[in-house]
Amino acid sequence: MRKPAIHKSFFNAFHGIFLMIKSERNFQLELLAFFINLALILYLKLSSIDIMLVFIVSFGVLSAEIFNTAIEKICDIIHPEYDKRIGFIKDISAGAVILMVIVSVVVGTLVYWKYIF
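What comes next is a walk through the structure. Just so we're clear, the structure is a prediction, and the values are computed from it rather than from any experiment. (Residues numbered from 1 in each chain as written. Predicted model: local features only at pLDDT ≥ 70, side-chain atom pairs only at ≥ 80, totals over all residues. Heavy atoms only, no water.)

What follows concerns the pattern of salt bridges. Tallied over the full model, the rule gives four salt bridges. Note that K73 and E24 form a salt bridge whose closest N and O atoms lie 3.6 Å from each other. Highlighted residues: K73 in helix 3 (residues 48-78) and E24 in the loop between helix 1 (6-23) and helix 2 (25-44), separated in sequence by 49 residues. Under the relative-accessibility criterion, K73 is labelled partly exposed at 45%. One salt bridge connects R85 with D83, and the closest N-O pair in it is separated by 2.9 Å. (Salt bridge = Lys/Arg side-chain N within 4 Å of Asp/Glu carboxyl O. Helix = DSSP H or I, 4+ residues; strand = E, 2+ residues; numbered from the N terminus. Buried < 20%, exposed > 50% of the residue type's maximum accessible area, 1.4 Å probe, protein only.)

Given below as structure tokens:
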């Protein structure tokens with residue numbers, strides 16, 4: 001199979017992000033948290049290192065949510081009715097997102113603490 005042109009690949013990737021924004025509530029909330037972080041970065045005038053840390057964990061959360069959603073959608077296609085094994089897969093996938101959220105809250109607390117207090 002021939003690879004698509006580079007611009008088509010980028011279009012498909014951004015289309016996937018648009019679909020996440022349009023259809024996934026958790027992704028919308030995590031994106032809102034990212035924009036709040038952007039506002040805080042500008043308002044508090046964070047250092048380059050602190051900005052980089054906030055960006056890494058923010059995009060880590062968004063990426064984890066995308067992977068979680070992809071895994072859940074694949075599971076739903078493969079086995080539409082309830083199955084304990086599929087539930088296990090979905091739970092551990094969601095667990096990865098929660099771990100990323102926890103580390104992002106810890107990093108955010110450590111970064112913002114010195115600017116606020």
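That was the structure; now back to the text.
In contact at an axis separation of 9 Å, helix 3 and helix 4 (residues 84-116) are set at 170° when each is read in the N-to-C sense. Compared by their axis directions, helix 3 and helix 4 come out roughly antiparallel. Class assignment of the residues belonging to the contact of helix 3 with helix 4 gives a composition of 18 nonpolar, four polar and six charged. (Axes fitted to C-alpha atoms, helices over the stretch in contact; angles between N-to-C directions. Parallel < 35°, antiparallel > 145°, perpendicular 65-115°, else oblique. Nonpolar A, V, L, I, M, F, W, Y, C, P; charged D, E, K, R; others polar.)

What follows is about the nonpolar core. Soluble globular proteins tend to pack their nonpolar side chains together in the buried interior. Counting eight residues, the largest nonpolar core consists of I41, L44, L46, V54, V57, V107, V111 and Y112. Looking at this core, the elements that each hand over two or more residues are helix 2, helix 3 and helix 4. Residue contributions to this core peak at three residues, all from helix 4. For L44, the residues in contact, after removing those within four places along its chain, are Y112, Y115 and I116. (Core = buried A, V, L, I, M, F, W, Y, C linked by side-chain atoms within 4.5 Å. Contact = heavy atoms within 4.5 Å.)

A few words on a nonpolar patch on the surface. On the surface, a cluster of nonpolar side chains totalling about 510 Å² of accessible area is made up of I6, F10, F14, I17 and I21. Following the sequence through the fold, F14 ends up in helix 1. (Patch = residues over 30% accessible without salt bridge, like charges linked within 9 Å, V, L, I, M, F, W, Y side chains within 5 Å. Areas by Shrake-Rupley, 256 points an atom, 1.4 Å probe, with all protein chains shown as cover.)

Moving on: the packing of aromatic side chains. The tally for this structure, following the rule as stated, stands at five aromatic pairs. Ring centres of F55 and F59 lie 5.9 Å apart, and the angle between their planes is 50°; this geometry places the pair in the tilted category. You can see F55 and its partner F59 sitting in helix 3, four residues apart, about one turn around the helix. Judged by relative accessible area, F59 falls into the partly exposed class, the value being 41%. The structure contains a cluster of three or more aromatic residues connected by ring pairs, namely F34, F35, F55 and F59. (Phe/Tyr/Trp six-rings, centres within 6.5 Å; stacked < 30°, edge-to-face > 60°.)

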